[in-house]
Amino acid sequence: MEKEKILTWLHLFADKVSENNQYLSDLDSAIGDGDHGTNMARGTTAVIDALEEKQPETVTDIFKLTAMTLISKVGGASGPLYGSAFMGMTKASMQTDDVQQILASGLAEIQKRGKAVAGEKTMVDVWVPVVSALKENTLTADSITQFAEATKELQATKGRASYLGERSVGHIDPGAVSSSYLFSTMLEAGVI
Ligand code: ADP
Ligand code: MG
Ligand code: MG
């Protein structure tokens, strides 16, 4: 993993989240409390500020600073979950350069914290197929979008949306969409 590409990726991700702040919150208004866009935009903006201020030297330090910033600034359910993802990536990046393994470690930490498996209408429904597709070399920008859109048909059994039961069906999960941005910008930056 090249440091410059990782920085490009995190900038593109922050831009994408800010541009879609309202859309992410609208998705969350339908099945949650309507704050996912503002939560994520606050967090990713803080990540860019922290990177500029601290100038981390290595990929591991970049991931660690990103994790700590997301945990402290995003809040809600998604802050600790994205923070866990970047902590898992931090740990893996000390052992390997392999993007697939690094993302698999991020996913493992999300699942350790949130206990969600695929099919529960969460960000895990994007992370799981992305990690698999990377292993099989079949990941495309279109497939990433489709993974997020496929959460529409699912009933939420984790997080705030689960309170709605069957009424959660028919709406795309906001965290799945923000995760799709994480991966589409990764492709754009040439990290994967
Ligand atoms: P909150 O629900 O606390 O307001 P956000 O709105 O920022 O937090 O984030 C909601 C998103 O978090 C959901 O759309 C879902 O993708 C994700 N999420 C919630 N609970 C879990 C969980 N247990 N595992 C994985 N992702 C989860
Ligand atoms: Mg919310
Ligand atoms: Mg909230």
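Residues numbered from 1 in each chain as written. Chains lettered and ligands numbered in written order. Predicted model: local features only at pLDDT ≥ 70, side-chain atom pairs only at ≥ 80, totals over all residues.

1. Side note on the site of ligand 1
Here is the rule we go by: Only the C-beta atom, placed from the backbone, is used; a residue is near a molecule or strand if that atom lies within 6 Å of it. Here a strand is any run of E in DSSP of at least two residues, a helix any run of H or I of at least four, and the numbering for each starts at the N terminus. In this classification, the charged set is Asp, Glu, Lys and Arg, the nonpolar set is Ala, Val, Leu, Ile, Met, Phe, Trp, Tyr, Cys and Pro, and all remaining amino acids, among them Gly, are polar.
Neighbouring residues of ligand 1: 24 residues in total, closest Gly-76, Gly-114, Thr-122, Gly-159 and Gly-175. Contributions of two or more residues to the shell around ligand 1 are made by α3 (36–54), α5 (78–93), α6 (99–114) and α9 (174–188). With three residues, α9 is the largest single contributor of residues to the shell around ligand 1. In terms of residue class, the shell around ligand 1 is made up of eight nonpolar, nine polar and seven charged.

2. What to know about the nonpolar core
As a reminder of what qualifies: As used throughout, a nonpolar core is a set of buried Ala, Val, Leu, Ile, Met, Phe, Trp, Tyr and Cys residues joined through C-beta atoms within 7 Å of each other. Here a residue counts as buried when 20 or more other C-beta atoms fall within 10 Å of its C-beta, as exposed when 12 or fewer do, and as partly exposed in between; the C-beta atoms come from the backbone. Whether two residues are in contact depends on their C-beta atoms, placed from the backbone: they are in contact if these lie within 7 Å.
With 50 residues, the main nonpolar core has Phe-86, Val-126, Trp-127 and Val-130 as its most contacted residues. With sequence-adjacent residues up to four places away left out, Val-130 is seen in contact with Leu-103, Leu-139, Ile-144, Phe-147 and Phe-183.

3. Description of the UniProt feature "domain: DhaL" (unreviewed entry) in the protein chain
We count it as follows: UniProt positions are given in the numbering used here, feature names are shortened, and annotations may be inferred rather than shown by experiment.
On the UniProt side, "domain: DhaL" (unreviewed entry) is annotated at positions that read residues 4–188 here. As annotated, residues 4–188 has a helix share of 70% and a strand share of 0%, and its two end C-alpha atoms lie 13 Å apart.

4. A look at the packing of helix α1 (residues 3–19) against α9
Going by this rule: Whenever a helix is involved, its axis is fitted only over the stretch in contact; in every case the axis is a line through C-alpha atoms, and angles between N-to-C directions fall within 0 to 180 degrees. Here the word oblique covers every angle except those under 35 degrees (roughly parallel), over 145 (roughly antiparallel) and from 65 to 115 (roughly perpendicular). For a crossing to be left-handed, the near helix must be turned anticlockwise from the far one by less than a right angle; the clockwise case is right-handed.
Put simply, α1 and α9 touch, their axes get as near as 8 Å, and they point 140° apart. Taken as axis vectors, α1 and α9 run oblique relative to one another. Crossing of α1 against α9: the hand is right-handed. Packed against α1, whose contacting residues are Trp-9, Leu-12, Phe-13, Lys-16 and Val-17, the element α9 presents Ser-178, Tyr-181, Leu-182, Thr-185, Met-186 and Glu-188 at the interface. Among the residues making up the contact of α1 with α9, the classes are represented as seven nonpolar, two polar and two charged.

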